[in-house]
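Below, each chain spelled out in residue letters.
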Amino acid sequence: MVIVIAQGLQDVCQQLKHQDYSIQTKGLINNLINGMKDSQNWGSLQKSMTLSRCTFLDPRLKNIPFIHNESMKTSIQNNVVELTANIISLARSETECTLEPEPSTSFQSPATVSDEKSFSISETIDKRVSEVQPAIRTSTARALVKVQRYLEEPILKRNGNPLEWWQEHKYNYLYLSILARKTLCCLGSSVPCERVFSKAGLIITDRPCRLKSKKAEMLLFLNQNS
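Being a predicted model, the structure only gives us computed values, none of them experimental.

As for the overall build of the protein
The number of helices and strands found in the protein is twelve helices and zero strands. Secondary structure elements in the protein, listed N-terminal to C-terminal, are α-α-α-α-α-α-α-α-α-α-α-α. The contacts in the protein between residues at least 6 apart in sequence include a share of 66% that link residues at least 24 apart.

Description of the packing of aromatic side chains
To describe a pair of aromatic rings, you give the distance between the ring centres and the angle between the ring planes. By the definition in use, this model includes seven aromatic pairs. Seen from their ring centres, Phe 56 and Tyr 150 are 6.2 Å apart, and the 55° between their planes marks the pair as tilted. One end of the pair, Phe 56, is in helix α4 (residues 49-56); the other, Tyr 150, is in helix α8 (residues 139-151), with 94 residues separating them in the sequence. The interplanar angle of 20° and the centroid separation of 6.3 Å between the aromatic rings of Trp 165 and Tyr 173 together place this pair among those described as stacked. An identical accessibility class is assigned to Trp 165 and Tyr 173; each is buried. Through pairs of rings, three or more aromatic residues link up here, namely Phe 56, Tyr 150, Trp 165, Trp 166 and Tyr 173.

Description of the side chain of Lys 62
Examined against the element boundaries, Lys 62 turns out to sit in the loop between α4 and α5 (70-99). Glu 153 provides the closest opposite charge to the buried, unpaired Lys 62, separated from it by 6.0 Å. With residues up to four places along the chain from it excluded, the contact list for Lys 62 reads Thr 55, Phe 56, Tyr 150, Leu 151, Glu 153, Pro 154 and Ile 155.

Considerations on the packing of helix α1 (residues 2-17) against α4
Close contact between α1 and α4 brings their axes to 8 Å; oriented N to C, the two are set at 95°. Looking at the two axes, α1 sits roughly perpendicular to α4. Along the contact surface, α1 presents Val 2, Ile 3 and Val 4, while α4 presents Leu 51, Ser 52 and Thr 55. For the contact of α1 with α4, a count of residues per class yields four nonpolar, two polar and no charged.

Quick look at the side chain of Thr 55
Looking at the secondary structure, you find Thr 55 in helix α4. For Thr 55, a relative accessible area of 1% gives the class buried. Here the side chain of Thr 55 touches Leu 51 through a polar contact of 2.9 Å, landing on its backbone oxygen. The contacts of Thr 55, once residues within four sequence positions are left out, are Ile 3, Val 4, Leu 61, Lys 62, Pro 65 and Phe 66.

Focus: the pattern of salt bridges
Using the criterion set out here, one finds two salt bridges in the structure. Here Glu 70 and Lys 73 are joined by a salt bridge, their closest N and O atoms 3.5 Å apart. Placement of the pair is Glu 70 and Lys 73 together in helix α5, with a separation of three residues, close to one helical turn.

Details of the packing of helix α11 (residues 191-203) against helix α12 (residues 213-225)
Two numbers describe how α11 lies on α12: the axes approach to 10 Å, and their chain directions differ by 125°. For the element pair α11 / α12, the angle class is oblique. With respect to the hand of their crossing, α11 and α12 are arranged in right-handed fashion. Along the contact surface, α11 presents Val 196, Lys 199, Ala 200 and Ile 203, while α12 presents Leu 219, Leu 220, Asn 223 and Gln 224. Partitioned by chemical class, the residues of the contact of α11 with α12 number five nonpolar, two polar and one charged.

As for a nonpolar patch on the surface
Nonpolar side chains collect at one region of the surface, where Met 1, Ile 5 and Leu 9 lie side by side and expose about 260 Å² of accessible area between them. Structurally, the position occupied by Met 1 is in the segment before α1. A relative accessible area of 38% means that Met 1 is categorised as partly exposed.

Observations concerning the nonpolar core
Phe 56, Leu 57, Val 80, Val 147, Tyr 150, Trp 166 and Leu 176 are the most contacted members of the largest nonpolar core, which totals 21 residues. Only α5, α8, α9 (162-168) and α10 (174-184) provide two or more residues apiece to this core. Sorting elements by how many residues they give to this core places α5 first, with seven residues. Leave out the neighbours within four places in its chain, and Val 80 touches Arg 53, Phe 56, Leu 57, Val 147, Leu 176 and Leu 179.

Rules used in this analysis
Residues numbered from 1 in each chain as written. Predicted model: local features only at pLDDT ≥ 70, side-chain atom pairs only at ≥ 80, totals over all residues. Heavy atoms only, no water. Helix = DSSP H or I, 4+ residues; strand = E, 2+ residues; numbered from the N terminus. Contact = heavy atoms within 4.5 Å. Phe/Tyr/Trp six-rings, centres within 6.5 Å; stacked < 30°, edge-to-face > 60°. Buried < 20%, exposed > 50% of the residue type's maximum accessible area, 1.4 Å probe, protein only. Lys, Arg positive; Asp, Glu negative; His and termini not counted. Salt bridge = Lys/Arg side-chain N within 4 Å of Asp/Glu carboxyl O. Axes fitted to C-alpha atoms, helices over the stretch in contact; angles between N-to-C directions. Parallel < 35°, antiparallel > 145°, perpendicular 65-115°, else oblique. Nonpolar A, V, L, I, M, F, W, Y, C, P; charged D, E, K, R; others polar. Polar contact = N/O pair within 3.5 Å; in protein donor to acceptor, adjacent residues only side chain to side chain. Left-handed = near helix turned anticlockwise from the far one by under 90°. Patch = residues over 30% accessible without salt bridge, like charges linked within 9 Å, V, L, I, M, F, W, Y side chains within 5 Å. Areas by Shrake-Rupley, 256 points an atom, 1.4 Å probe, with all protein chains shown as cover. Core = buried A, V, L, I, M, F, W, Y, C linked by side-chain atoms within 4.5 Å.

See the structure below:
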C-alpha cells in the first residue's frame, strides 16, 4: 500500500492546489508538492522492486498502480514470474531427489537380464497416453501461466485481507502463494523493529547477566504480544 498511498497524496495535493484557499494555505500546498518532487526517497518509492512486488501480489491492487507505466508493469511482472519459477524449480528438484530409485543390490547375470522380456496388459494404453499427454512445461512457462491467471482473478475489496485471500487460494496458486507470503510480510517502516530493539535493551542489561537467550526471546515475545 506504500506506493498507492504515495500516489494518492500526490494526486490530492495537485487537486488542492487548484482550490480557492488563502495565500498561506496555497504556499503550504506548494511546499508539500515541491518537497515530494525533490525528495529522493519519495521519488524512488515506485522504483523499489520490493515495494512494487508487494503491490503486485496484493489482490486488492495487482498491477493497477502501474497501469500508466508500461515498462514498470512489465518489469515487476517479469520479476514475479522469475521468482515463482525459481520456487517451482526448487520444488521439482526436491521431488526428483525424493523419487530417485535406489540401486539394486541383487545379482543378476547378463544373460538373464538380456533374455527377460516383460509383458503388461496396460502397455498399449500407456503408450497412447504418453503420445497424447503434452510434455512437461518449463518452470518459467508454468509460472507465467499462474501469474496471468492470478491477474484475471476479480479484484479483492479494499477492506479485504490479502493474506486470507492467499490462504483461500493457495491450492490454485501453490507456488505463487509461497512467494506472496514471503513478500507481504515485509514491513513498510522500520519503526516496529526499532521498538523491539528498544524493549530488548530494557530487558537485556548488566544486572541479569545469567539470562539465557531463549528466555530473553520469550520475554520479548510476551512483552510484544501482551
